[in-house]
Amino acid sequence: CHLDLGDALLASKNPSAALDAYAQVLRLAPDDYRPRQRAIQACYAMSDFDAAAPHRRALQELYDQDKVYALGGMQAYVADVFQVGDLTVKAYEYYDGQAPDGIHWTFLAFDPTGWQERELAVRDALAPSTGGKKPTREPGTELVDIREGQAPELLTGWTQKVSYPTVRTTVMEWLKGG
């Protein structure tokens, strides 16, 4: 199957050939969400975020038409997998642009044994309520470190919406230093 071939090529660090295999699957089954998700991964692996955009739009359309069958009602898919030192990082991107709590992406960092070391979330950062006065902080985006039993810690605040490459670079830099 071309889907399995694409997965093997992607795992062997050949995202361009994987993208070709996923294109074959999409010609035969244009409503199959799995090659769309993996095509996004292949594009992200090549740092070609513009090439991923049509696949993201098509995947969103399939999601809107209830043609995405996620385990446990998952509202996100793995969009990117990359290394930071000995950590393997999986980036999950949410359908509809964000989860109900404002999260756009979640990054899970795993050590070589598969143990989850970190969970980072990127979400909308809303200005705090000031009782009708001018907000003290502009609405934007923030990166938070979510740890079990702890409140999220603000790591980086952006004053506007940010692109995935900017977020990915920030996550990589934080994981290198953290």
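Residue numbering note: each chain is counted from 1, following its sequence as written. With the structure being a predicted model, the display of local features is reserved for residues of pLDDT at least 70 and the display and counting of side-chain atom pairs for 80 or more, all residues being used for whole-chain, interface and lining totals. Side-chain descriptors were evaluated using all non-hydrogen atoms of the structure, hydrogens and water having been removed beforehand.

J.: Looking at this model, I keep getting lost on the nonpolar core. Mind explaining?
T.: In globular proteins that are soluble, nonpolar side chains generally tend to be buried together. By size, the foremost hydrophobic cluster in this structure holds 36 residues, and its most contacted members are Phe-82, Phe-107 and Leu-175. Looking at this core element by element, the count peaks at six residues for helix H3 (residues 33-45). By the convention used here, residues are in contact when the closest approach between their heavy atoms is within 4.5 Å. For Phe-107, the contacting residues outside a window of four places in its chain are Phe-82, Val-89, Lys-90, Ala-91, Arg-118, Glu-119, Leu-120, Val-122, Tyr-164, Val-167 and Val-171. The definition of a nonpolar core used throughout is a set of buried Ala, Val, Leu, Ile, Met, Phe, Trp, Tyr and Cys residues joined through side-chain atoms within 4.5 Å. Exposure categories follow from relative accessible area, calculated using a 1.4 Å probe and restricted to protein chains: below 20% of the type maximum is buried, above 50% is exposed, and the middle band is partly exposed. Residues Ala-76, Val-78, Leu-108 and Phe-110 belong to the second largest nonpolar core, which totals six residues. Starting at the N terminus, helices and strands are each numbered in turn, a helix being any DSSP run of H or I of at least four residues and a strand any DSSP run of E of at least two.

J.: Would you explain the pattern of salt bridges in this entry?
T.: A side chain with one charge can pair with a side chain of the opposite charge if their charged atoms come near. Take a side-chain nitrogen of Lys or Arg and a carboxyl oxygen of Asp or Glu: if they are within 4 Å of each other, that pair is a salt bridge. Overall, the coordinates contain five salt bridges when judged by the stated rule. The salt bridge partner of Arg-34 is Asp-32, with a shortest N-O separation of 2.7 Å. Residue classification places Asp-32 among the buried residues on the basis of a relative accessible area of 15%.

J.: Where do I start with the packing of aromatic side chains in this structure?
T.: To describe a pair of aromatic rings, one takes the distance between the centres and the angle between the planes. Stacked, tilted and edge-to-face pairs are distinguished by plane angle, under 30 degrees for stacked and over 60 for edge-to-face with tilted covering the rest, among Phe, Tyr and Trp rings (Trp via its six-membered ring) whose centres lie within 6.5 Å. Evaluation of the coordinates by the stated rule reveals six aromatic pairs. Aromatic side chains Phe-82 and Phe-107 sit 6.4 Å apart centroid to centroid with 65° between the ring planes, which places their arrangement in the edge-to-face category. Here Phe-107 lies in strand E3 (residues 103-110) and Phe-82 lies in strand E1 (residues 76-84), a separation of 25 residues in the sequence. Relative accessible area serves as the criterion here: at 5%, Phe-82 is assigned to the buried category. Aromatic rings pair up to connect Tyr-44, Phe-49, Phe-82, Trp-105, Phe-107 and Tyr-164 into one cluster. For the cation-ring pair, Arg-168 lies above Phe-82, with the distance from its terminal atom to the ring centre recorded as 4.4 Å. Both a distance and an angle decide whether a charge sits over a ring: NZ of Lys or CZ of Arg must be within 6 Å of the ring centre and within 35 degrees of the ring normal.

J.: Sorry, what's going on with unusual backbone geometry here?
T.: Glycine aside, a negative phi is what most residues show, and trans is what most peptide bonds show. Of note, Lys-13 is a non-glycine position whose phi angle comes to about 65°, a positive value. Among the structural elements, Lys-13 can be located in the loop between helix H1 (2-11) and helix H2 (15-28). You will see that Ser-47, though not glycine, has its phi angle at about 60°, which is positive. You can see Ser-47 is positioned in the loop between H3 and helix H4 (49-64). Judged by relative accessible area, which is 45%, Ser-47 ranks as partly exposed.

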